[in-house]
Amino acid sequence: MSQQENKNQLQIQLRPEMADGKYSNLAMIGHGPNEFLIDFIFAAPGMPQAPVVSRVVMSPENAKQLLLALNDNISKYEAQFGEISQRRPNNQAGFSNN
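Section: the pattern of salt bridges
Argument step 1. Taken as a whole and judged by the stated rule, the model has three salt bridges.
Argument step 2. Taking the shortest distance from any N to any O, the salt bridge between glutamate 17 and arginine 15 comes out at 2.8 Å.
Argument step 3. Residue glutamate 17 is classed as exposed on the basis of its relative accessible area, which comes to 53%.
Argument step 4. The partner of aspartate 72 in a salt bridge is lysine 76, with the nearest N and O atoms 3.0 Å apart. With a gap of four residues between them, aspartate 72 and lysine 76 both fall in helix H2 (residues 60-81), about one helical turn apart.

So this is what it looks like as structure tokens:
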């Protein structure tokens, strides 16, 4: 790698408080003319409320890049581990468009 390439490389920082991640089994997606809003939610069976565990706001261009990256990673995952089933018991988990 040349010195110029090394200068342009983005250094990603994962803070310790973020390293454990958040579990989500539901996402609500909305958009306006300038941004996409994704609320990641944890819906527990039998619970009347489902908390938003994380909210991500991104530009339309970044949302499309995320879509392409997810498609690529899902294809690679399924090639290695087999097809991902799309079962949704009792409509309690999944993704929704606003």
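On we go.
Digging into the side chain of aspartate 39
Argument step 1. Counting through the fold element by element, aspartate 39 comes out in strand S2 (residues 36-41).
Argument step 2. Note on aspartate 39: relative accessible area 10%, which makes it buried.
Argument step 3. Polar contacts involving the side chain of aspartate 39 include one to the side chain of arginine 55, which spans 2.6 Å.
Argument step 4. Sequence-distant contacts of aspartate 39, that is, excluding residues within four places in its chain, are made with Leu26, Ala27, Met28, Val52, Ser54 and Arg55.

What to know about the side chain of asparagine 25
Argument step 1. Following the sequence through the fold, asparagine 25 ends up in the loop between helix H1 (3-7) and strand S1 (26-31).
Argument step 2. Taking the relative accessible area as the measure of exposure, asparagine 25 reaches 16% and is therefore buried.
Argument step 3. At 2.8 Å, the side chain of asparagine 25 forms a polar contact with the backbone nitrogen of alanine 43.

Reading the values: the criteria
- Chains are numbered independently. Their residues run from 1 in the order of the written sequence.
- Given that the model is predicted, a residue must reach a pLDDT of at least 70 before its local features are reported, and side-chain atom pairs must reach 80 or more before they are shown or counted; all residues, however, enter totals for whole chains, interfaces and linings.
- Only hydrogens and water are set aside when side-chain values are computed; all heavy atoms of the structure are taken into account.
- Think of a salt bridge as a Lys or Arg side-chain nitrogen and an Asp or Glu carboxyl oxygen that are within 4 Å of each other.
- Buried residues are those whose accessible area, probed at 1.4 Å on protein chains only, stays under 20% of the maximum for their type, while exposed residues exceed 50% and partly exposed ones sit between those limits.
- Where helices and strands are cited, they refer to DSSP runs of H or I of at least four residues and of E of at least two residues respectively, numbered from the N terminus.
- The term polar contact refers here to a pair of N or O atoms within 3.5 Å; inside protein, the definition further demands a hydrogen-donor-capable atom paired with an acceptor-capable atom, and it admits residues adjacent in sequence only when both atoms are side-chain atoms.
- Note on contacts: a residue pair qualifies if any of its non-hydrogen atoms lie within 4.5 Å across the two residues.

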